[in-house]
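Close look at the chain arrangement
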Amino acid sequence: MELLNSSILDFSQKLASSAPVPGGGGASALAGALGTALGNMVGELTVGKPRYAAVEAEMKTLMAKARDLQERLLACVERDAEAFEPLSRAYGIPKEDPDREQVLERCLREAAAVPLEILELCGEAIDLQREFGEKGSRLVASDAVTGAVLCWGAMQGAAVNVRVNTKLMRDRAYAQELDRRADERLQKYGEIARRMFENAWGGGN
C-alpha cells in the first residue's frame, strides 16, 4: 500500500477521499508520530548546549526512545490499513456461510490490535514528552507540550478504533479486556497531557 511513501498532500487527499484506507487508525498513528517527533526536536535543540550539559546523557537516551516510538507509529499507519482490508472482506461473506462468524471474529481481533498498539505507543510518547519538557531547553518546552497534546489526541482516536471493533466481538471477555486496557491508558496518560497543557496555558500550579 505504501502510504508512508505518499507526500503529505497525497496522504491528506487519500484520507479525504471515499477510499476506506487510510482512516482514523492510520491518521491517529501519524498524529502520534508527529507528536513524538516534536519531543525529539526538543532533544536536538538541547544537546550540545552548555547550559544543559548535566542532562545531555538523559536527553540522548530520550531521543533514542523517541526515534524508536516514531518508527513504530509510522509502521502502524500501514499496518492499520492492512488489518482493515480482511475485515472489510469478512463483512461481505454471506450470512449463511458457516465460517462467517469465525472469520469475522478473527478479523475484528486483528483490526482492534493495531489501534490498541497505537494507543499504547502514544502513551509511552507522552511520558517522553513530559521528560523532554521538564529537562530540555526552555526555549522549546512548548513543543514538548504540543507533542504531548498531539499524542493525547492520537490516543483518543485510536481508542475509538479499538471500541468500534470490540463492540462487535462475540467473545465479550476478550473485548472487555481490550476496552479495559484502552481505558486505563487513556486515563493515565490523559492526565499527564492535560497537566502539561494547563501548565503551559497558565492554569497549572
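The structure under discussion appears in the preceding block.
Anyway, here's the lowdown on the structure attached to this text. Given the structure is predicted, the values throughout are model-derived calculations rather than measurements.

This part covers the overall build of the protein. Counting its secondary structure elements, the protein contains six helices and zero strands. Taken along its principal axes, the extent of the C-alpha atoms in the protein is 70 × 35 × 30 Å. A burial count over the protein gives 42% of its 205 residues as buried. Seen as two clouds, the 26 positive and the 31 negative side-chain charges of the protein have centres 4 Å apart.

We now examine the environment of A125. By secondary structure assignment, the location of A125 is in helix 4 (residues 100–135). The buried category is assigned to A125, whose relative accessible area is 0%. The sequence separation of A125 and R89 amounts to 36 residues, and the corresponding C-alpha distance is 33 Å.

Moving on, we come to the pattern of salt bridges. The final tally for this structure, using the stated rule, is 20 salt bridges. Where R185 meets E120, a salt bridge forms, and the shortest distance between an N and an O atom there is 3.4 Å. Of the two residues, R185 sits in helix 6 (residues 172–201) while E120 sits in helix 4, which places them 65 residues apart along the sequence. Relative accessible area serves as the criterion here: at 22%, R185 is assigned to the partly exposed category. Residue E191 is joined to R195 by a salt bridge in which the shortest nitrogen-to-oxygen separation is 3.5 Å. With E191 and R195 both in helix 6 and four residues apart, the pair spans about one turn of that helix.

On to the nonpolar core. If you look at the biggest cluster of nonpolar residues, it comprises 52 residues, and the most contacted ones within it are I118, L119, C122, I126, F132 and M155. Of all the secondary structure elements, the ones that give two or more residues to this core are helix 2 (24–44), helix 3 (56–91), helix 4, helix 5 (141–166) and helix 6. Among the elements that take part in this core, helix 4 stands out by supplying 15 residues, more than any other. Among residues more than four places away in sequence, those in contact with C122 are G32, L73, C151, A154 and M155.

Looking now at the environment of K65. The residue K65 is located in helix 3 in this model. Residue class for K65 comes out partly exposed when judged on its relative accessible area of 45%. Sequence-wise, K65 and G133 are 68 residues apart; in three dimensions their C-alpha atoms are separated by 15 Å.

Attention shifts here to the packing of aromatic side chains. Summed over all chains, the structure comprises zero aromatic pairs. One cation-aromatic arrangement involves R109 over Y174; the distance from NZ or CZ to the ring centre is 3.7 Å.

This part covers the side chain of N165. Its location among the elements puts N165 in helix 5. Only 2.8 Å separates the side chain of N165 from the backbone oxygen of N161, close enough to count as a polar contact.

In this section: the side chain of S28. If you trace the backbone, S28 turns up in helix 2. Classification of S28 as buried rests on a relative accessible area of 6%. With residues near it in sequence (within four places) discarded, S28 still touches I118, A154, G157 and A158.

At a minimum axis separation of 9 Å, helix 5 and helix 6 run at an interaxial angle of 160°. Classified by the angle their axes make, helix 5 and helix 6 are roughly antiparallel. In the packing of helix 5 onto helix 6, the handedness of the crossing is left-handed. Residue composition of the contact of helix 5 with helix 6, grouped by class: 16 nonpolar, three polar and five charged.

How each quantity is defined
Residues numbered from 1 in each chain as written. Predicted model: local features only at pLDDT ≥ 70, side-chain atom pairs only at ≥ 80, totals over all residues. Heavy atoms only, no water. Helix = DSSP H or I, 4+ residues; strand = E, 2+ residues; numbered from the N terminus. Buried < 20%, exposed > 50% of the residue type's maximum accessible area, 1.4 Å probe, protein only. Lys, Arg positive; Asp, Glu negative; His and termini not counted. Charge placed at Lys NZ, Arg CZ, Asp CG, Glu CD. Salt bridge = Lys/Arg side-chain N within 4 Å of Asp/Glu carboxyl O. Core = buried A, V, L, I, M, F, W, Y, C linked by side-chain atoms within 4.5 Å. Contact = heavy atoms within 4.5 Å. Phe/Tyr/Trp six-rings, centres within 6.5 Å; stacked < 30°, edge-to-face > 60°. Lys NZ or Arg CZ within 6 Å of the ring centre and 35° of its normal. Polar contact = N/O pair within 3.5 Å; in protein donor to acceptor, adjacent residues only side chain to side chain. Axes fitted to C-alpha atoms, helices over the stretch in contact; angles between N-to-C directions. Parallel < 35°, antiparallel > 145°, perpendicular 65-115°, else oblique. Left-handed = near helix turned anticlockwise from the far one by under 90°. Nonpolar A, V, L, I, M, F, W, Y, C, P; charged D, E, K, R; others polar.

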